[in-house]
Amino acid sequence: MHALQSLHTFALPSQCHQLVTISAWQQLQDIDFSKPFCLLGEGSNTVFVDDFAGTVIRIALQGISIEERDSDWLVEVAAGENWHALVVHLLDQNIAGLENLALIPGTVGAAPVQNIGAYGVELAQFVEYVEGFDIETKQCVRLDNGQCEFGYRDSVFKHARKGRFVITQVGLSLTKQWQPQLSYGPLQVLRDGQPTAQQVCETVINIRQSKLPDPQILANAGSFFKNPIVSNEVVTKLKQRFATMPVYYVDPQQQKLAAGWLIEQLGLKGHQIGDIAVYQQQALVLVNQGNGSAADLIAMIEYIQRHVWHQFQVRLEHEVRLIGQYDEIHIQGVMNE
Ligand code: FAD
Ligand code: EPU
């Protein structure tokens with residue numbers, strides 16, 4: 001058995017049967033994928049809520065290559081590289097574009113899985129291709145951006161290719177015609193000047209450090225729930241009761257609600273079950289204060305889902321991937337208690 005506590009940022013005390021580290025993609029050909037397995041990067045979006053009765057496969061492939069083209073840079077990055085280190089490495093070479101996504105924890109290989117996003121920018125805007133090992137055919141496959149089916153915190157790697165595809169490399173296209181993306185509220189202060197990508201990056205880092213707990217200091221997995229996407233009718237009804245509720249445009253039919261706002265309205269900031277708490281500075285983040293248990297975490301998820309449902313008739317779906325004894329599990333919450 002191998003301890004998993006230090007391999008996921010929520011740091012629950014769990015174990016797995018076997019642990020394999022992949023540092024060359026050919027190693028994947030020798031793995032028996034017919035037994036339970038779990039792909040892992042840096043564990044910043046994964047919580048092991050049970051002992052895992054299978055093999056945890058850590059993707060540690062390394063390497064970055066940069067090719068200059070007429071109007072952009074093609075940046076090809078191995079899946080085990082650290083995302084934030086890549087952002088900094090590119091900015092150091094005056095290759096801009098990823099600065100709004102600075103300080104997002106985790107690996108490059110996990111980034112397409114939930115299409116990481118922050119401060120008005122999503123990974124999907126830069127992906128030229130995602131390359132990986134198809135577990136069924138044992139072949140390397142290259143998917144273009146459209147085949148990745150990116151959405152808000154979503155991609156084909158959570159659906160048709162879930163459990164079938166090990167991402168080994170990501171190809172990013174970064175245009176030479178860089179423009180700062182300053183649409184997100186707190187970044188609008190930069191609009192008056194002509195900020196460099198480096199300045200945008202520093203501002204993003206400052207905002208993040210003021211709102212989000214550092215997992216090295218306080219165990220957490222970032223936003224625990226997705227921001228719910230609801231119809232315009234639902235928004236109109238809610239706005240009649242909660243006029244100041246923030247909403248974000250998605251498409252002509254739908255809008256996105258701020259789950260952190262909903263949770264804060266319920267007075268749940270700081271709410272604790274055992275050693276699991278709703279983070280005081282950001283209600284969308286759950287923290288493990290040191291001795292948190294999986295049972296307390298699940299009780300907290302259900303408690304929040306139930307209370308949000310009762311007050312707003314909105315279902316919250318957890319963004320964080322919960323891994324049970326054999327596979328991923330989903331907590332739906334019991335709404336009628
Ligand atoms: P892991 O947790 O190890 O894995 C995540 C999922 O991807 C798992 O389902 C895993 O099976 C799968 N996976 C991992 N590697 C591969 C691979 N090579 N091939 C196929 N599947 C794979 N996310 C955002 O989008 N925006 C944010 O602003 C943000 N802020 C965060 C802040 C904090 C403090 C924390 C702790 C997390 C935050 N996150 C954010 C979530 C997290 O950083 C991202 O989801 C990140 O991409 C996870 O990377 P990882 O390597 O840690 O993934
Ligand atoms: N809000 C509250 N109370 C809170 C938290 C938020 O009222 O406790 C309100 C804010 O005032 C704001 C709105 O909710 O009006 C949105 O808050 P914020 O800008 O902090 O962003 P978020 O919706 O909580 C999302 C992402 C983050 C990403 C930020 C910045 C999701 C699930 N979360 O958070 O991603 O960094 O926007 O773009 O989409 C993650 O995925 O792990 C993550 C941290």
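In what follows, the structure referred to is the one given above.
Since we're looking at a predicted model, the values are computed, not measured. (Residues numbered from 1 in each chain as written. Chains lettered and ligands numbered in written order. Predicted model: local features only at pLDDT ≥ 70, side-chain atom pairs only at ≥ 80, totals over all residues. Heavy atoms only, no water.)

Observations concerning the packing of aromatic side chains
Phase 1: This structure, assessed with the given rule, holds ten aromatic pairs.
Phase 2: In this structure an aromatic cluster arises from ring pairing among Trp-25, Phe-33, Phe-37 and Phe-133. (Phe/Tyr/Trp six-rings, centres within 6.5 Å; stacked < 30°, edge-to-face > 60°.)

Here's the deal with the site of ligand 2
Phase 1: Near ligand 2 you find 23 residues, and of these Tyr-119, Tyr-152, Tyr-184, Glu-264 and Glu-319 are the closest.
Phase 2: Lys-211 has a polar side-chain atom sitting 3.1 Å from an oxygen atom of ligand 2.
Phase 3: Protein coverage of the free-state accessible area of ligand 2, which is 820 Å², stands at 81%.
Phase 4: Elements with a minimum of two residues in the shell around ligand 2: α2 (197-211), β13 (219-223) and α4 (259-265). (Near = heavy atom within 4 Å. Polar contact = N/O pair within 3.5 Å; in protein donor to acceptor, adjacent residues only side chain to side chain. Areas by Shrake-Rupley, 256 points an atom, 1.4 Å probe, with all protein chains shown as cover. Helix = DSSP H or I, 4+ residues; strand = E, 2+ residues; numbered from the N terminus.)

So, the site of ligand 1
Phase 1: The immediate surroundings of ligand 1 are formed by 32 residues, with Leu-39, Gly-41, Ser-44, Thr-46 and Thr-107 found nearest.
Phase 2: For ligand 1, an oxygen atom lies 2.8 Å from a polar atom in the side chain of Gln-114.
Phase 3: One nitrogen or oxygen atom from the side chain of Arg-208 is found 2.7 Å from a nitrogen atom belonging to ligand 1.
Phase 4: Coverage of ligand 1 by the protein chains reaches 93% of its 980 Å² of free accessible surface.
Phase 5: Counting only elements with at least two residues in the shell around ligand 1, the list comes to β3 (37-40), β8 (117-118), β12 (165-175) and β13.
Phase 6: In terms of residue class, the shell around ligand 1 is built from 16 nonpolar, twelve polar and four charged. (Nonpolar A, V, L, I, M, F, W, Y, C, P; charged D, E, K, R; others polar.)

Re the pattern of salt bridges
Phase 1: Enumeration according to the criterion identifies 14 salt bridges in this entry.
Phase 2: As a salt-bridge pair, Glu-68 and Lys-176 come within 2.7 Å of each other at their nearest N and O atoms. Taken together, the residues span a long stretch of sequence, with Glu-68 in strand β6 (residues 64-68) and Lys-176 in the loop between β12 and α2 at a distance of 108 residues.
Phase 3: Under the relative-accessibility criterion, Glu-68 is labelled exposed at 52%.
Phase 4: Asp-134 is paired through a salt bridge with Arg-164; the nearest N and O atoms lie 3.4 Å apart. One end of the pair, Asp-134, is in strand β10 (residues 127-134); the other, Arg-164, is in the loop between β11 (139-144) and β12, and 30 residues separate them in sequence. (Salt bridge = Lys/Arg side-chain N within 4 Å of Asp/Glu carboxyl O. Buried < 20%, exposed > 50% of the residue type's maximum accessible area, 1.4 Å probe, protein only.)

Observations regarding α2
Counting along an α-helix, one turn takes 3.6 residues, and residues three or four places apart therefore face a common direction.
Phase 1: Between its first and last C-alpha, α2 extends 21 Å over 15 residues, near the 21 Å set by a 1.5 Å rise per residue.
Phase 2: Along α2, the positions that sit buried rather than exposed are Ala-197, Val-200, Cys-201, Thr-203, Val-204, Ile-205, Ile-207 and Arg-208. (Expected span 1.5 Å × (residues − 1).)

Observations regarding the sheet that holds strand β20 (residues 321-323)
Phase 1: Taken together, the three strands give an open sheet; going across it, the order is β4-β20-β21, and neighbouring strands pair in mixed fashion. Bordering the open sheet on either side are β4 (46-48) and β21 (328-329), each of which pairs with just one other strand.
Phase 2: With two bridges joining them, β20 and β21 adopt antiparallel strand pairing. Each residue of the ladder has a partner; that of Leu-322, found in β21, is Ile-329. (Pairing = 2+ DSSP bridges.)

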